[in-house]
Amino acid sequence: MHTGKGQILELILQDGLRLARIACPQNMIPAPGQYLLASDASDSPLPVPLYYTDSTPEGSAMAPWRHFISAPPLPETWMPGRQIFLRGPLGRGFAIPVSARKIALVAYDDAPLRFRGLIRPALKQVAAVVLVTDFAVDNLSDEVEAQPLSALQDVFAWADFAAFDVARVNLFELRERLKAMKQLPAACEAQILIRTAVPCGGVADCGVCGVNLKSSWQLACKDGPVFDLREI
């Protein structure tokens, strides 16, 4: 975990939502599923979690900076040129098994922007990728198939690895939907990003981000935000 400064380089409209391209030290780029906590010089009392969407190498040995694109939501006051203060990367991200060849990415209740960073490595290991979402998707690779949530059971039965993205408030609903599918396929490894407020970033153990798993209560800020799906 590191601390440092970053800068908003530009705002991007993608999938109908507002993203930001951010310059920061390369050792602070979060992996897919991880997050940074960001704050600025405004009066906002809480830092903003920034999730990785994509990145582009930039800089040199003398200026080791990179640009990465952060998924929404973002403060309305953030404009190009604004300096921000960063801490991270924080939490556990996604880990695609090297053996996975049929990968399902399930954006349960939001645009699939936090999955963009998984598509490139999945295709690199010659995996077939299906994106499951009811949201409009811009600039999706021709190699990725898109399916609606109504196809979830069939896609999940096909996959040997699945990644889910869901807000904590909708976790019970997702549990019930998976329960109606009788059981998780034994051959399918699955992980889930649970989005919730993470104000302390694992420093204070404040419990705001607590998630009730089968084994115990855990904190999304440091035990997650990506968990084994079978634990929910």
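It should be noted that the structure appears before, not after, this text.
From a predicted model like this one, the values you see are computed outputs, not experimental measurements.

1. Details of the overall build of the chain
Logical step 1: Regarding its fold elements, the chain presents 3 helices and 14 strands.
Logical step 2: Along the first, second and third principal axes, the C-alpha atoms of the chain reach 50 × 40 × 30 Å.
Logical step 3: In the chain, which comprises 232 residues, the proportion classed as buried is 48%.
Logical step 4: Across the chain, contacts joining residues at least 24 apart in sequence account for 69% of those joining residues at least 6 apart.
Logical step 5: Only carbon and sulfur atoms are counted for the fraction: they give 54% of the accessible area of the chain, which is about 11,100 Å².

2. Remarks on the pairing of strand E2 (residues 17–25)
Along a regular strand, successive side chains alternate from one face of the sheet to the other.
Logical step 1: Counting buried positions along E2 yields 7 of 9 residues, so the element is predominantly enclosed.
Logical step 2: Both strand E1 (residues 2–14) and E2 contribute to a ladder of 7 bridges, which runs antiparallel. When the bridges of E2 are listed, Ile8 appears paired with Ile22.
Logical step 3: Once E1 ends, the chain turns through 2 residues before running back antiparallel as E2, passing Asp15 with a positive phi of about 55°.

3. Remarks on helix H3 (residues 171–180)
Residues spaced three or four apart along an α-helix point in a common direction, a consequence of the helix completing one turn every 3.6 residues.
Logical step 1: Regarding H3, the residues found buried are Leu171, Leu174 and Leu178. Viewed along the axis of H3, the buried residues span an arc of 60°, placing them on a single side of the element. Those residues of H3 that are exposed and angled more than 90 degrees off the buried face are Phe172, Lys179 and Ala180.
Logical step 2: Those residues of H3 that are buried lie in contact with helix H2 (152–158), strand E10 (161–167), strand E11 (189–195) and strand E12 (210–212).
Logical step 3: Just beyond H3, the residue with positive phi is Lys182, at close to 75°.

4. Considering the packing of aromatic side chains
Logical step 1: Evaluation of the coordinates by the stated rule reveals 3 aromatic pairs.
Logical step 2: Aromatic pair Tyr35 and Tyr51: ring centres 6.0 Å apart, planes at 45°, arrangement tilted. One end of the pair, Tyr35, is in strand E3 (residues 35–39); the other, Tyr51, is in strand E4 (residues 48–57), and 16 residues separate them in sequence.
Logical step 3: According to the relative accessible area criterion, Tyr35 is buried, its value standing at 0%.
Logical step 4: On the basis of an interplanar angle of 50° and a centroid distance of 5.8 Å, the ring pair of Phe94 and Phe115 is categorised as tilted. Linking Phe94 in the loop between strand E6 (83–90) and strand E7 (102–107) with Phe115 in the loop between E7 and helix H1 (116–124), this pair joins segments that are 21 residues apart in sequence.
Logical step 5: With relative accessibility at 10%, the residue Phe94 sits in the buried group.

What counts, and at which threshold
- Residues numbered from 1 in each chain as written.
- Predicted model: local features only at pLDDT ≥ 70, side-chain atom pairs only at ≥ 80, totals over all residues.
- Heavy atoms only, no water.
- Helix = DSSP H or I, 4+ residues; strand = E, 2+ residues; numbered from the N terminus.
- Buried < 20%, exposed > 50% of the residue type's maximum accessible area, 1.4 Å probe, protein only.
- Contact = heavy atoms within 4.5 Å.
- Areas by Shrake-Rupley, 256 points an atom, 1.4 Å probe, with all protein chains shown as cover.
- Pairing = 2+ DSSP bridges.
- Arc of directions from axis to C-beta.
- Phe/Tyr/Trp six-rings, centres within 6.5 Å; stacked < 30°, edge-to-face > 60°.

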